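# Breakdown of the fold
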Amino acid sequence: MAPDSLPVRRSGEPARESGEPAREAGEPAREAGEPARKSGEPARKSGEPPGSAEPVRGERDTVQGERGTARAALTRPAPGAAATGRTAWGRHLQTPLRQFLRTETGSAAVLLAATITALIWANVDSGSYESLWRTEVSLHVGGFGVSQDLHGWLNNGLMTFFFLVIGLEARREFDMGELRERRRMAVPLLAGLGGMTVPVVIFLAVNAGQPTAGGWGTAMSTDTAFALGMLALVGPKNSDRLRSYLLTFAVVDDLAAIVVIALVYSHHIDVPALLAGLAALGGVFLARTAGLRHGVVYAGLGVAAWAAFFKSGVDPAVTGLVIGLLTPAYPAARSDLEQATDRVRRFREQPTPEMARAASISLSESISPNGRLQDTFHPWASYLIVPLFALANAGLVISATFLEHAFTSPVTLGILAGYVVGKPVGTAGAAWLVTTVSRGRLRPPAGWASVAGAGTIAGVGITVSLLIASLAFHGEQLDEAKAGVLAAAIVAAALTWAVFQVTSMLPKPIRIRALLGTATAIIDLAAPVDLRRDHVRGPKAAPVTVVEYGDFECPFCGLAEPAIRELLAGFGDVRYVWRHLPLTDVHPHAQLASEAAEAAAAQGAFWEMHDMLLRHQDALRPADLVGYAAALGLDVERFARDLRKHVYTSRVAEDVDTADLGGVSGTPTFFVNGQRHHGAYDIDSLSQAVRTARAVAAIAP
């Protein structure tokens, strides 16, 4: 197998200066300023960590040069990467859960601004505030019409999309998140129900024997967006377990709240209209079961259901919740991605409208309907709909007389006590009860300090609470309810800050256990690391294992490589495993490069070849591979024969099979102690993931 006569220069590599000797046939491309490898220079042993032996030719110089630019380069795609569509990068690698958390946290500032604006507006000019939201808006189509004021359109109309997002997130958690392991549903389910029941009991006790007792629903629901935003301000940093736990029981809270609205705070039920609405929702279920993918069908059925529920007297926002719960979530399958790539390639060859439409549909359908709808509606709900709702509902004229009256009113006191006392007692008490009854087999996914902090911040209950208050109260009582809801949010945030300030004073081992807990995390890595077959770099018995599914031709794997080297150099207790996932539909040389790495492994030089391939990603033709083997001092004849006969095709296929089992469809994909790492894979993000994994491993029972 003879190498090509004209080697390919690496992208970004400077041209040879005049008089510089040409590379010999088969010699791999040298880095700028890279010294030649001396004849007979020993190669590093397979599996040996970086720095433990003399590096492969130019490795030290390359690493030193790359480290200076690694942080900047890894935070953004390489030039042109977005256009090539080769792989996802950091901001595109967020899980739906992390995207949900990020969007909710970011939108909290907008929601807070809207709430403050409403309060200022109502106190400066209450007349214009009230008159705007009482503006009548009518919509008529033929003989059918809907008429209500602007306040009603916001509460009953636009808030439907808010509950759609809640339903989508609940379904995503059920299909792909913590709740996909059904036994784990017990803790968030009972914590959510406990966090509703105890506040309601407290409210009823304060309002016992009074007509205001009917507004008990105002004291039960957590505002997920505001709670997550406030937690980002007053809670511990980098605590995804805490935020995930809060989100799971808050979703239960929101689901129950919309059921309460539909069953308790709906009046004058029109049975035929209600049946029509249920029939429309049944149509959504049947269409989903039949596999229909036409969005216009679901949009039509959703509008019909909303209109029918509106006419029936049941809050029509329930339609958003039900449709969200009926929308499945699943990871992108590699077969779907390959089909999408094929159709994009066909469009490149024949750029016709038909090909463009086919490519667009294929790309869209490779993502689950749940993911597509979340991506479409979640930002609108978080940044526009919920803030508009707060602007329309949080307006409250404040005076000394009003405050004196309100904070002696059973409505205000019932809501305040329900949220400030009932939420932490109900959520933490239910979690403790489940843990005790199950004898520790079921426990919260976070430590008890996090459970307490999640319970206190759950006392922030603006959005749904104000919605129920507007249904349950009127006039002065409605203002008292608003005062209770807003005061509870302030006190809840202060209590949460106090909980985590006290926690921060604990000794480090106790603090870590209090925040992270000892619950066993769901393992996402389908095939455990096998030291007999996997390629391992670093200490064999390290407490933290980083597994990467990679493709030698993937440019983002190349960009991640300096971060991995820095990670191994900075942490002496981390082992790193490479598994092959050649994306042959977009990287034509990736499969043979993987086989070349295995052929080198047969001669004890896997990591040397691994490093060489990632340094020369645009020169992976057979001749280049043979040249790299020669440069590493391998038996070239044996190496070339192994490549020609594809001896290691099955070995690469084994890694691909484990990737498919674990739902891995893109590269690079990282797992840290068996859990999928989501987000950017620069040195800072990977280091934080390793530190968290190390802390969890240290306190694991």
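Look a little higher up for the structure.
So, here is what we can say about the structure in this document. (Residues numbered from 1 in each chain as written. Predicted model: local features only at pLDDT ≥ 70, side-chain atom pairs only at ≥ 80, totals over all residues. Heavy atoms only, no water.)

### What to know about helix 26 (residues 649-661)
Along its 13 residues, helix 26 runs 19 Å from first to last C-alpha, staying within 8% of the 18 Å computed at 1.5 Å per residue. Those residues of helix 26 that fall on the buried side of the exposure criterion are Arg-651, Val-652, Asp-655, Val-656, Thr-658 and Ala-659. What you see down the axis of helix 26 is that its buried residues fit within an arc of 160°, all on one side. In the core, the buried residues of helix 26 are packed alongside helix 12 (334-349), strand 3 (535-537), strand 4 (544-550), strand 5 (574-580) and helix 22 (590-601). (Helix = DSSP H or I, 4+ residues; strand = E, 2+ residues; numbered from the N terminus. Expected span 1.5 Å × (residues − 1). Buried < 20%, exposed > 50% of the residue type's maximum accessible area, 1.4 Å probe, protein only. Arc of directions from axis to C-beta. Contact = heavy atoms within 4.5 Å.)

### Observations regarding the sheet that holds strand 4
Taken in spatial order, the five strands make up an open sheet running 3-5-4-6-7, and their pairing is mixed. The sheet terminates laterally at strand 3 and strand 7 (675-677), the two strands that pair on one side only. Strand-to-strand, the axes of this sheet are offset by a mean angle of 30°, without reference to chain direction. Helix 21 (residues 555-570) contacts strand 3, strand 4, strand 5 and strand 6 (669-672) of the sheet and is inclined by roughly 165° relative to strand 4. (Pairing = 2+ DSSP bridges. Axes fitted to C-alpha atoms, helices over the stretch in contact; angles between N-to-C directions.)

### Describing the pattern of salt bridges
Where charged atoms from two side chains of opposite charge approach closely, those side chains can pair. Tallied over the entire structure, the rule returns 17 salt bridges. Among the salt bridges present, the one from Asp-342 reaches Arg-346, with a minimum N-O distance of 3.1 Å. Of this pair, Asp-342 and Arg-346 are both found in helix 12, four residues apart, which corresponds to roughly one turn of the helix. The salt bridge involving Arg-533 is made with Glu-654; its shortest N-O contact spans 2.9 Å. On the criterion of sequence distance, the pair formed by Arg-533 in the loop between helix 20 (508-516) and strand 3 and Glu-654 in helix 26 is long-range, its members being 121 residues apart. Ionic contacts of the salt-bridge type, sharing partners, join the residues Arg-533, Asp-534, Arg-579, Glu-598, Arg-651, Glu-654 and Asp-655 into one network. (Salt bridge = Lys/Arg side-chain N within 4 Å of Asp/Glu carboxyl O.)

### Things to note about the pairing of strand 2 (residues 144-149)
Relative to strand 2, strand 1 (residues 136-141) is paired through six bridges, and the arrangement is antiparallel. Looking at the pairing, Val-137 lines up with Gln-148 of strand 2.

### Some details on unusual backbone geometry
At the junction of Thr-667 and Pro-668, the peptide bond is cis and its omega measures out at -10° in the coordinates. Along the chain, the position of Pro-668 falls in the loop between helix 26 and strand 6. Non-glycine residue His-646 carries a positive phi angle of around 55°. When you line up the elements, His-646 lands in the loop between helix 25 (636-644) and helix 26. The class for His-646 is partly exposed, based on a relative accessible area of 44%. The backbone of Asn-673 sits at a positive phi, close to 50°, despite the residue not being glycine.

### Focus: the packing of aromatic side chains
The full count for this structure, using the stated rule, is 13 aromatic pairs. Geometrically, the ring pair formed by Trp-121 and Trp-133 is tilted, given 6.4 Å between the ring centres and 55° between the ring planes. Here Trp-121, found in helix 3 (residues 96-124), pairs with Trp-133, found in helix 4 (residues 126-133); they are twelve residues apart in sequence, far enough to count as distant. Their ring planes at 20° and their centres at 4.6 Å tell us that Phe-552 and Trp-578 sit as a pair that is stacked. Of the two residues, Phe-552 is situated in the loop between strand 4 and helix 21 and Trp-578 in strand 5; the sequence distance between them amounts to 26 residues. On the basis of relative accessibility, which here comes to 0%, the residue Phe-552 falls in the buried class. (Phe/Tyr/Trp six-rings, centres within 6.5 Å; stacked < 30°, edge-to-face > 60°.)

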